[in-house]
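Read off the chains here:
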Amino acid sequence: MIKLNQTSLDKLTELFTLAGYTLRNEKGNFKSGSCMVAEGKLIVLNKFSTVETRVTFLIEAIRKIDVDVTLLDDRRKTFLKEVLAFKLNEETEKQEAQVEQEVQDVNISGEHEEAGH
């Protein structure tokens with residue numbers, strides 16, 4: 001089971017890095033605490049969001065990208081499987097819905113206040 005803590009955040013950050021994404025912790029005015037710019041492989045996390053919010057966002061986001069599992073060792077493959085199987089509780093499902101809407105907004109517009117980051 002995945003815990004919404006700093007250790008999970010660190011492991012998720014590793015997975016995104018291996019998938020070619022850049023993660024930045026910045027000040028921001030995000031609805032969900034984070035934003036994902038699909039074309040640039042950039043994820044900006046609001047540094048003022050809780051660890052739980054950032055982990056929840058990254059869990060949802062990693063489900064939307066292709067991770068080359070051939071680049072992962074057995075430990076990371078196991079963690080990725082746990083993440084993909086993780087069921088969010090009702091409270092985090094609300095956060096997930098907000099994240100989903102923000103990801104859709106970014107994908108539709110093709111941009112997201114990058115100058116403000």
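Just so it is clear, the model here is predicted, and its values are computed rather than measured.

(A) Spatial organisation of the packing of aromatic side chains. In this structure the tally under the stated criterion is one aromatic pair. Consider the rings of F16 and Y21, whose centres lie 5.7 Å apart with planes at 80°: the pair is edge-to-face. One exposure class covers both F16 and Y21, and it is buried.

(B) Here's a closer look at the pairing of strand β3 (residues 42-46). Where burial is concerned, most of β3 is hidden: five out of the five residues are buried. Residues L42, V44 and N46 of β3 are buried on one face, and the alternating residues I43 and L45, pointing to the opposite face, are buried as well. Of the pairings in the sheet, the one linking strand β1 (residues 22-26) to β3 comprises five bridges and is parallel in character. For T22, the partnering residue across the bridge sits in β3 and is L42.

(C) The confidence of the model for the chain, seen in detail. Overall, the predicted model of the chain reaches an average pLDDT of 79, with 66% of residues at or above 70. For the chain, per-element mean pLDDT is lowest for helix α4 (residues 90-109), which scores 59, and highest for helix α1 (residues 6-18), which scores 96. Taken together, the stretch residues 109-117 has pLDDT below 50 and engages in 14 contacts with residues farther than four places along the chain or on a different chain.

(D) Inspection of the nonpolar core at higher detail. Counting residues in each nonpolar core, the largest one holds 22 residues, and the members touching the most others are L12, F16, L58 and I62. At the level of elements, α1, β3, α2 (51-62) and α3 (74-85) are the ones that each hand at least two residues to this core. When residues of this core are assigned to their parent elements, the largest contribution, six residues, is made by α2. Setting aside residues up to four positions removed in sequence, L58 forms contacts with L9, L12, T13, F16, L23, I43 and L45.

Reading guide: rules and limits
Residues numbered from 1 in each chain as written. Predicted model: local features only at pLDDT ≥ 70, side-chain atom pairs only at ≥ 80, totals over all residues. Heavy atoms only, no water. Phe/Tyr/Trp six-rings, centres within 6.5 Å; stacked < 30°, edge-to-face > 60°. Buried < 20%, exposed > 50% of the residue type's maximum accessible area, 1.4 Å probe, protein only. Helix = DSSP H or I, 4+ residues; strand = E, 2+ residues; numbered from the N terminus. Pairing = 2+ DSSP bridges. pLDDT = per-residue confidence, 0-100. Contact = heavy atoms within 4.5 Å. Core = buried A, V, L, I, M, F, W, Y, C linked by side-chain atoms within 4.5 Å.

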